[in-house]
Amino acid sequence: MTTSLSATEAATRILIVEDEPAIADTLAFALAGEGYSTEWRSLGREALAAVNDGGFDLVILDVGLPDIGGFDVCRELRRHSDVPVIFLTARSDEIDRIVGLELGADDYVAKPFSPREVVSRVRAILRRLRPRGGAHDAHGAANPFTVDADGARIAYCGTWLSLTRYEYGLLATLADHPGRIFSRAQLMARVWQDAGESLERTVDAHVKTLRAKLREVAGDDPIETHRGLGYSLRRDLRRDASAPR
Ligand code: CA
């Protein structure tokens, strides 16, 4: 039974895993306001069972749960499921672990958070996973990058860049997840086949040359350095609709 929601929105189900009822309630309320349907579990064990039963489009997962910690829940869940995961964390050292380890999380939000922030992260992740809605892609800033995976080339603001193999890999990874911070180790693992032999400084060196090439095209460098964490592409990428030439 749906009201005025489109079929897609009505079908979007989000699992909230949080042992503090007040936080879970706040989130459920905010997400319901955006048309998402939610279910709440307070234990990691229950969350794993719920994900196994299937049907969730996204999981919001508290790191500090009373039975199984959120990190272990995520690791376990990743053995069978690709469902997007957003961590809720209360401690900054946990953020380092989320960003630094390959836990398979899609994003995180630090407590205390505003429900609006969580809703916008949820929306961003779900949008990324779904085909674009054409004219109704109202929230998405247009991406100034065109990634041609078959040709291993990338255009920025309408101009094809001349990139080395590693520069291409770095930029394709960042451009695929604007706003997401990748640690140097994560970038190494994704871009370098023989990561064991290379140093993380190598990432810095290639990011530096990549930045120079981006600035040459648009006088603008959308890569952000996060001290002690890694790199990301700015979320608020500016609009440039011109086709690559
Ligand atoms: Ca907790």
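As shown above, the structure is provided for reference.
Figured I'd write up the structure that's included with this text. (Residues numbered from 1 in each chain as written. Predicted model: local features only at pLDDT ≥ 70, side-chain atom pairs only at ≥ 80, totals over all residues. Heavy atoms only, no water.)

All right, on to the overall build of the chain then. On a plain count of helices and strands, the chain comes out with nine helices and ten strands. For the chain, with 245 residues in total, the buried portion stands at 44%. If you take every contact in the chain between residues at least 6 apart in sequence, the share linking residues at least 24 apart comes to 58%. (Helix = DSSP H or I, 4+ residues; strand = E, 2+ residues; numbered from the N terminus. Buried < 20%, exposed > 50% of the residue type's maximum accessible area, 1.4 Å probe, protein only. Contact = heavy atoms within 4.5 Å.)

Our focus in this paragraph is helix α3 (residues 44-53). Residues G44, A47, L48, A50 and V51 constitute the buried set of α3. The buried residues of α3 occupy an angular sector of 165° when projected down its axis, which confines them to one face. Facing away from the buried side of α3, by more than 90 degrees, are the exposed residues R45, N52 and D53. Here the buried face of α3 lies against β1 (13-17), β2 (37-41), β3 (58-62) and α4 (70-77). At the exit of α3 stands G54, carrying a positive phi of roughly 85°. (Arc of directions from axis to C-beta.)

Evaluated as defined, the whole model comprises three aromatic pairs. With a centroid separation of 4.7 Å and an interplanar angle of 20°, the aromatic rings of F145 and Y156 are classed as stacked. Of the two residues, F145 is situated in strand β6 (residues 145-148) and Y156 in strand β7 (residues 153-156); the sequence distance between them amounts to eleven residues. Exposure class is identical for F145 and Y156. Each is buried. Arranged with centres 4.6 Å apart and planes meeting at 10°, the rings of Y166 and W192 form a pair that is stacked. On the criterion of sequence distance, the pair formed by Y166 in helix α7 (residues 165-176) and W192 in the loop between α8 (184-191) and α9 (201-218) is long-range, its members being 26 residues apart. (Phe/Tyr/Trp six-rings, centres within 6.5 Å; stacked < 30°, edge-to-face > 60°.)

Let's shift gears to the pairing of β7. Note that β6 and β7 share four bridges and pair antiparallel. For V147, the partnering residue across the bridge sits in β7 and is I154. Note: β7 against strand β8 (residues 159-160), two bridges, orientation antiparallel. Looking across to β8, one finds that A155 is bridged to W160. Between β7 and β8, which follow one another and run antiparallel, lie two residues, and C157 among them has a positive phi close to 50°. (Pairing = 2+ DSSP bridges.)

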